Amino acid sequence: MDSIIQSISEALSGLPGELVVLVISMLPVLELRGGLIASALLGLPLERGIMFSLIGNIIPIPFILLLITPLFDRLKKTKRIKPLVEKLEAKSLGKSEKIQKYQFWGLMLFVGIPLPGTGAWTGGLIASLLNIKLKKAVPAIFLGLLMATVIMCIITYGIPALVGSVQ
């Protein structure tokens, strides 16, 4: 992940660090985790890193929740793209058992525990595919992002600061 973040940061060099973090946080797979790592690598203060990572990761979520199902339905009518969409749906729904069972809490934990394949993008996609109501999905995803923020801040800012103070 670090090399991907480094490559994107280099491609966006010349832009303010905050904008780099915002863009990285908007990307699937990288999301908030990648944004906070980039923020630490760019030397941004913790508060600015949090703010721009959260904003960047939140921006795509309403579009995913509201538009992904109709978009997928339309794309499945295209012979070439249908297998790709079905594979993405199957992969996402394969991770949805706990979310389906516990809905709000399952979705919040899925988004909040920063592991590969989890996060707001996949959480939003699963919520949409499972027809979880917006009034339940949006707060669960947002609280999950706050949880992931705390965990990632400890990893990207806290541990390095602790190790640096020990040496």
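Note that the structure is a prediction, hence the values are computed from the model and not measured.

1. Describing the nonpolar core
- Membership of the largest hydrophobic core comes to 41 residues, with the highest contact counts inside it found for I24, I99, L107, V111, I141 and L145.
- Those elements that place two or more of their residues in this core are α1 (2-11), α2 (17-26), α3 (31-42), α4 (46-58), α5 (61-75), α8 (104-112), α9 (120-129) and α10 (134-166).
- Counting residues per element, this core draws most heavily on α10, which supplies eight residues.
- Setting aside chain neighbours within four positions, we find V111 in contact with G119, A120, G123, I141, G144, L145 and A148.

2. What to know about the packing of α2 against α3
- At a minimum axis separation of 7 Å, α2 and α3 run at an interaxial angle of 160°. For the element pair α2 / α3, the angle class is roughly antiparallel. In terms of crossing hand, the pair formed by α2 and α3 is right-handed. Residues G17, V20, V21, I24 and S25 of α2 form the contact with α3, whose own contacting residues are E31, L32, G34, G35, A38, S39 and L42.
- When grouped by side-chain class, the residues that make up the contact of α2 with α3 number six nonpolar, five polar and one charged.

3. Some remarks on the pattern of salt bridges
- One pass over the structure, following the stated rule, counts four salt bridges.
- The residue E18 makes a salt bridge to R48 at a minimum N-O spacing of 2.9 Å. Of this pair, E18 sits in helix α2 while R48 sits in helix α4; the two residues are 30 residues apart in sequence, bridging distant segments of the chain.
- Note on E18: relative accessible area 18%, which makes it buried.

Procedures and definitions
- Residues numbered from 1 in each chain as written.
- Predicted model: local features only at pLDDT ≥ 70, side-chain atom pairs only at ≥ 80, totals over all residues.
- Heavy atoms only, no water.
- Core = buried A, V, L, I, M, F, W, Y, C linked by side-chain atoms within 4.5 Å.
- Buried < 20%, exposed > 50% of the residue type's maximum accessible area, 1.4 Å probe, protein only.
- Helix = DSSP H or I, 4+ residues; strand = E, 2+ residues; numbered from the N terminus.
- Contact = heavy atoms within 4.5 Å.
- Axes fitted to C-alpha atoms, helices over the stretch in contact; angles between N-to-C directions.
- Parallel < 35°, antiparallel > 145°, perpendicular 65-115°, else oblique.
- Left-handed = near helix turned anticlockwise from the far one by under 90°.
- Nonpolar A, V, L, I, M, F, W, Y, C, P; charged D, E, K, R; others polar.
- Salt bridge = Lys/Arg side-chain N within 4 Å of Asp/Glu carboxyl O.

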